[in-house]
Amino acid sequence: MRSEDGSLRYRSKGRIFSDILTAVRLEGAARPTHILYKANLSHDRLTKYLGMLEDSGLLNRKMDGERAEYSITPKGEQFLVEFRRMETFADAFGLEI
Amino acid sequence: MFTPRWFMPYDVLIMLVMTAVSMGIAIYALRGFRWVKERSLYYLYMAFVLLAIGFFANGLTLGYDFLQRTGDPNSFQPMMFIDLGFAIYFFCSIVAYGILAYAYFRNVRDASIAAAIFGMLLTSTMPVLECIIIVLLFALVFAQMIHLSIHRSRYSMIVCSSFVLILISHVLVLMSDMEQQNYYVIGKLLQLGAFVMLLAMMLKLRGPE
């Protein structure tokens, strides 16, 4: 992913979780193609991360015919709050998460 | 390094306050690690737990030594117990600041430059424990200042300032001797000030979103 200065930047697992959850949260109920676009992930990686988020109870999957729709759980909302806090905390020490 | 006897009870108190603040930061970092599973937070947790252990051991042995001598001023203490406290304190501090330095420099693209600067500093100083801590702190302040020049935030300013104070305090403690007892006292007060700043930053962060 490109940072503000245009250079390539490593995204940690936590940040990818946060990007996916933020994309889903903004939509209310999001389809994988929308998440893929917003979170800037390949299809394979997105499938892997959606599975992980669902298993951790951060996302809910609902089937609409053959298409899946994802929504954020209260635990997912809590994750986003904690992630933002920890981002500021680590940043204060000059560390990136 | 010289600890004035009259300052020992205050020194114990300062050590206990710094133990509590360090444990608070460590617990906060561990809580964050449990949520977001990021190694940076685990390094912060490890570093501050070690600092807390070191401060506690030093405070405990200083306090015990002070009470022992107050009860019987003529008693001769072989300094074994107080030396053990200092040894634990130095060991924990070196490992803790080393972990923090590693956390800062592991992501540096040209780590060889950082390692070269660090190596030069290590070899150019006396291999005394306090000197090693000062070199590690210097590296931490250097890394934080670079970070601060890119991401300027209030919290980064507080953390960077507190590490500068800790660095100055260790230099003053190193310079203290029988004639310069004030250096030790000022150094310890600066260290307390640094940890109070870290506490204030953490309390502000823990507040509502």
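**A look at the overall build of chain B**
Across its full length, chain B holds seven helices and zero strands. Its helices and strands in sequence order give chain B the pattern α-α-α-α-α-α-α, from N to C terminus. The buried share of chain B, taken over its 209 residues, is 46%. Relative to all contacts within chain B whose residues are 6 or more apart in sequence, the contacts with residues 24 or more apart total 73%. When the accessible area of chain B is evaluated, it comes to approximately 10,700 Å², of which 71% is carbon and sulfur surface.

**Some thoughts on helix H1 (residues 13–27) of chain A**
Between its terminal C-alpha atoms H1(A) stretches 22 Å, which fits the 21 Å expected from 15 residues at 1.5 Å a residue. Taken as a whole, H1(A) has its buried residues at Gly14(A), Arg15(A), Ile16(A), Phe17(A), Ser18(A), Ile20(A), Leu21(A), Ala23(A) and Val24(A). Elements that come into contact with the buried residues of H1(A) comprise helix H2 (32–39), helix H3 (43–55), strand E1 (59–64), strand E2 (67–72) and helix H4 (74–92) of chain A together with helix H1 (8–36) of chain B. Looking one or two residues past H1(A), Gly28(A) carries a phi angle of roughly 90°, positive in sign.

**What about the confidence of the model for chain A?**
Residue and element names in this part refer to chain A. When the pLDDT values of chain A are averaged, the result is 86; 90% of them are 70 or greater. Per-element confidence in chain A is highest for H3, whose mean pLDDT is 92, and lowest for H2, whose mean pLDDT is 89. The low-confidence segment residues 1–7, where pLDDT is below 50, has ten contacts with residues more than four positions distant or belonging to other chains.

What counts, and at which threshold
Starting afresh in each chain, residues are numbered from 1 along the sequence in its written order. Following the order in which they are written, the chains are lettered starting with A and the ligands numbered starting with 1. Local features in this predicted model are restricted to residues of pLDDT 70 or higher, and side-chain atom pairs are both shown and tallied only at a pLDDT of 80 or more, whereas totals for entire chains, interfaces and linings draw on every residue. For the side-chain quantities, the full set of heavy atoms in the structure was used; hydrogens and water were omitted. Under the DSSP-based scheme used, a helix requires at least four consecutive residues in state H or I and a strand at least two consecutive residues in state E, with every element numbered from the N terminus. Note on exposure labels: buried denotes an accessible area under 20% of the residue type's maximum, exposed denotes more than 50%, and partly exposed covers the range between, all computed with a 1.4 Å probe on protein chains only. The contact rule is simple, with two residues in contact once any of their heavy atoms fall within 4.5 Å. Residue exposure ignores everything except the shown protein chains as possible cover, and the areas themselves are Shrake-Rupley values with a 1.4 Å probe. To estimate how far a helix should reach, multiply one less than its number of residues by 1.5 Å. On a range of 0 to 100, pLDDT expresses the predictor's confidence in each residue.

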